[in-house]
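Below, each chain spelled out in residue letters.
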Amino acid sequence: LVSVLLIVALAVALFTGCSSSTSTPEKKAEKRVIKVGIGLNEQSPQYKGLQKFKEIVERESKGRIEVQLFANSQLGDDTKMMTALRAGTLEMTCPSTAPISGLDKKWMVFDLPFLFPNEEIADKVLDGPIGQKFLDSLSQNGIKGIAFWENGYRQLTNSVKEVKTPDDVKGLKIRTMENPVHLAAFRALGANPTPMPFGELFTSLQQRIIDGQENPVTTIYLQKFYEVQKYATLTNHFYSPFVLMFSKKIWDTLPKEDQDIILKAGKEAGLYQRKINREMMKESLANLEKTGMVVTKLTPEQQKAFMDATKDVATKFEAEIGKELIQEVKAEIAKYAK
Ligand code: TF8
């Protein structure tokens, strides 16, 4: 028995000795880790799009690149994450265009009220030369723009009363994103807008520090805003698309091959993300109605009243955005709207 044990011990020693001696000389190629942070939760279409992105990047790089996803503002709010990208301490994030205006005012054009008549036109403009020009211009601010994804048309909710007309919005305390156009549009409606990061929103609604907020129906459903908001009105007032972005500081250190993989994956996953975003929007709307929330659909005439009430907002921002740029974007939209 003793000899058998000895042989086993010897074999184990030999085996482990051998394996460690073969792995030490040629050090395995180091894995590159890409961290992506977002504010929404793991059920969101945005997170699902990122899971697709992860899948493509890891497959195409044959496992050389690992993508790690962080939801729920774990890595900070949109503005904080963009600052981290610029500093080179975080690889990726995917904010709405709204907070990008803090870096470059011309981005406010995508936050003008009732800008895109439908999602298909938004796709065409954002995936066309104008969209590319915007993505490229982010490099001035230390960011590599990858692709436009979709958050979805924004809808208004509140805990006070059913909103059918702009007049009903008067006096409501509404949380907006941190964007001057959003503030101006809600002021034009007579509301009392308060900008605040997304991560603080639920608690503020719950504690009734604010009366309402605005977000796509999927967010209203998945973030359980219906627990603290009684009324929703389908206004479709802003589109404010998502922008998938990368730290330029880190991007510039990547081999061309990896840059190509990330760029292609970001665009491909974006097409998938838009598709499920639109499917989930329909589902979420049905689900919201089941929660007992009062969901008000507007007739075209009722929606027009909201358009009319906010129609001067674009003019107010001509100087900051650039009059020609607003015209260029609107002309492109008109071209596809025919
Ligand atoms: C908002 C936005 C958010 C996103 C997310 C937190 O209301 O709609 O959905 O920007 O990254 O802040």
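As a reminder, the structure under discussion sits directly above these lines.
Residues numbered from 1 in each chain as written. Predicted model: local features only at pLDDT ≥ 70, side-chain atom pairs only at ≥ 80, totals over all residues. Heavy atoms only, no water.

**A look at the site of the ligand**
At step 1: Every residue lining the ligand is accounted for by Gly39, Leu40, Asp78, Ser96, Asn151, Arg154, Arg175, Met177, Phe198, Asn215 and Phe242.
At step 2: Taking Ser96, its side chain carries an N or O atom lying 3.0 Å from an oxygen atom of the ligand.
At step 3: In this structure, Asn151 approaches the ligand through a side-chain N or O atom, which is 3.0 Å from an oxygen atom.
At step 4: Here the ligand loses 98% of its free accessible area of 320 Å² to cover by the protein chains.
At step 5: For the shell around the ligand, the residue count by class is four nonpolar, four polar and three charged. (Near = heavy atom within 4 Å. Polar contact = N/O pair within 3.5 Å; in protein donor to acceptor, adjacent residues only side chain to side chain. Areas by Shrake-Rupley, 256 points an atom, 1.4 Å probe, with all protein chains shown as cover. Nonpolar A, V, L, I, M, F, W, Y, C, P; charged D, E, K, R; others polar.)

**Overview of the pattern of salt bridges**
At step 1: Following the criterion strictly, the structure yields 20 salt bridges and no others.
At step 2: For Asp252, the salt bridge goes to Lys248, with nearest N and O atoms at 2.8 Å.
At step 3: Given the relative accessible area of 26%, Lys248 is considered partly exposed.
At step 4: Salt-bridge contacts for Lys304 lead to Asp308; the nearest nitrogen and oxygen are separated by 3.1 Å. Linking Lys304 with Asp308, this pair stays in helix α13 (residues 300–309), spanning four residues, or about one helical turn.
At step 5: For Lys304, a relative accessible area of 46% corresponds to the partly exposed category.
At step 6: By relative accessible area, Asp308 is classed as partly exposed at 37%.
At step 7: Counted as one network, the salt bridges with shared partners bring together Asp123, Asp127, Glu150, Arg274 and Arg278. (Salt bridge = Lys/Arg side-chain N within 4 Å of Asp/Glu carboxyl O. Buried < 20%, exposed > 50% of the residue type's maximum accessible area, 1.4 Å probe, protein only. Helix = DSSP H or I, 4+ residues; strand = E, 2+ residues; numbered from the N terminus.)

**Considering the nonpolar core**
At step 1: Counting residues in each nonpolar core, the largest one holds 50 residues, and the members touching the most others are Phe110 and Phe116.
At step 2: When contributions to this core are tallied by element, the ones reaching two or more residues are α3 (78–87), α5 (119–127), α6 (129–137), β4 (143–149), α8 (180–188), β10 (242–247), α14 (313–316) and α16 (323–337).
At step 3: Those residues in contact with Phe116, other than ones at most four positions away along the chain, are Phe110, Ile121, Ala122, Val125, Leu126, Tyr153, Tyr239 and Ile333.
At step 4: Residues Ile56, Ile220, Ala269 and Val295 belong to the second largest nonpolar core, which totals 42 residues. (Core = buried A, V, L, I, M, F, W, Y, C linked by side-chain atoms within 4.5 Å. Contact = heavy atoms within 4.5 Å.)

Don't take any of this as a statement about function, it's just geometry.
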